[in-house]
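# Understanding the architecture of this molecule
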Amino acid sequence: DMQEQKVSIIADNREMPSGILSVLKSLDVETEFKQLDSGDYICSDRVCVERKTVADFLSSITDGRLFEQLKGLKEVFEIPILIVEGKTDSLFSDRNIHPNAIKGSLPSIAIDYRIPILWTLNIGETGSQLFSIAKREQIQGNRTPSIRVSKKVRSTKELQEYFISGLPDINSVLS
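Keep in mind the model is a prediction, meaning the values are calculated, not measured.

## Quick word on the overall build of the protein
- A count of helices and strands for the protein gives 6 helices and 6 strands.
- For the protein, the α and β elements follow one another from N to C terminus as β-α-β-β-β-α-α-β-α-β-α-α.
- Counting only residues that meet the buried cut, the protein has 39% of its 175 residues in that class.
- A separation threshold of at least 6 residues defines the contact pool for the protein, and within that pool the share at least 24 residues apart is 69%.
- On the protein, roughly 9900 Å² of surface is accessible, and the fraction owed to carbon and sulfur atoms is 53%.

Written as structure tokens, this is what we have:
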């Protein structure tokens, strides 16, 4: 029965203090915490969300972390998503970062990295978005959240299995 299927999300344990866990609990999402190499919330075998507050988004543009993280995310997940959480009116008024740096990075994220950006106001909206993404992938798409590690692949057999398990509608068990 479709109603019985629970949505589950694997979250990076550094996200524990964010308060999003309680939002996900209230939406009846099973959350498992792990130390993730890239991304913050794994919603399926192909979708992973990187969550940034507006402040963290800005500082990660300034120190170059953002594009490193997005590059890492793209290497592992077919569909990475960036959620930027908070009031966007502070986006261009932050004194420590030139507006052009932000104006240049947004198209780069969308075009060069092909990563969609979802804007949320608070943890409630972020939790709700994560739930919708995971539900869409798991219940409609019949996928399961799984950690895919691209950097630790060794043998040809493992490489073939890794590649095949990344194909649509095939998981590591089936491959």
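On we go.
## Considerations on the side chain of S60
- Structurally, S60 is set in helix α2 (residues 54-62).
- Relative accessible area serves as the criterion here: at 0%, S60 is assigned to the buried category.
- With near-sequence residues (within four places) excluded, S60 lies in contact with K52, R65 and L66.

## Quick notes on the pairing of strand β1 (residues 8-12)
- Counting buried residues in β1 gives 5 out of 5 residues, a clear majority hidden from the surface.
- Across the two faces of β1 the burial is the same, with S8, I10 and D12 and I9 and A11 all buried.
- For the segment spanning β1, helix α1 (residues 20-26) and strand β2 (residues 30-34), crossover handedness is right-handed.

## A look at the pairing of strand β4 (residues 47-53)
- With 6 of its 7 residues buried, β4 lies for the most part within the structure.
- When strand β3 (residues 41-42) meets β4, the two strands line up antiparallel, connected through 2 bridges. Looking at the pairing, I42 lines up with C48 of β4.
- Joining the antiparallel neighbours β3 and β4 is a turn of 4 residues.
- One ladder, built from 7 bridges, connects β4 with strand β5 (residues 79-85); its direction is parallel. Bridge pairing in β5 places K52 opposite V84.

## Remarks on α2
- What α2 keeps buried is the set V54, F57, L58, S60 and I61. What you see down the axis of α2 is that its buried residues fit within an arc of 165°, all on one side. Along α2, the residues that are exposed and aim more than 90 degrees away from the buried face are A55 and T62.
- Contacts made by the buried residues of α2 are with β4, α3 (65-76), β5 and α4 (99-112).
- Just downstream of α2 lies G64, where phi reads positive at about 80°.

Reading the values: the criteria
In this convention, every chain numbers its residues from 1, walking through the sequence in written order. Under the rules for a predicted model, residues below a pLDDT of 70 receive no local features and side-chain atom pairs below 80 are neither given nor counted, while totals for whole chains, interfaces and linings still include all residues. For the side-chain quantities, the full set of heavy atoms in the structure was used; hydrogens and water were omitted. Only DSSP runs of H or I with at least four residues qualify as helices, and only runs of E with at least two residues qualify as strands; both kinds are numbered from the N terminus onward. When accessible area is computed with a 1.4 Å probe and restricted to protein chains, residues below 20% of their type maximum are described as buried, those above 50% as exposed, and intermediate ones as partly exposed. Throughout, a contact is declared for two residues whenever any of their heavy atoms are within 4.5 Å. Here the accessible surface of atoms and residues is derived via Shrake-Rupley with a 1.4 Å probe, and residues count as covered only by protein chains that are part of the display. If you view a crossover with the strands going away from you and the path from the first strand over the helix to the second runs clockwise, you call it right-handed. The rule for pairing is simple: two strands pair if DSSP sees at least two bridges between them. Think of it as the arc spanned by the lines of direction from the helix axis to the C-beta atoms.

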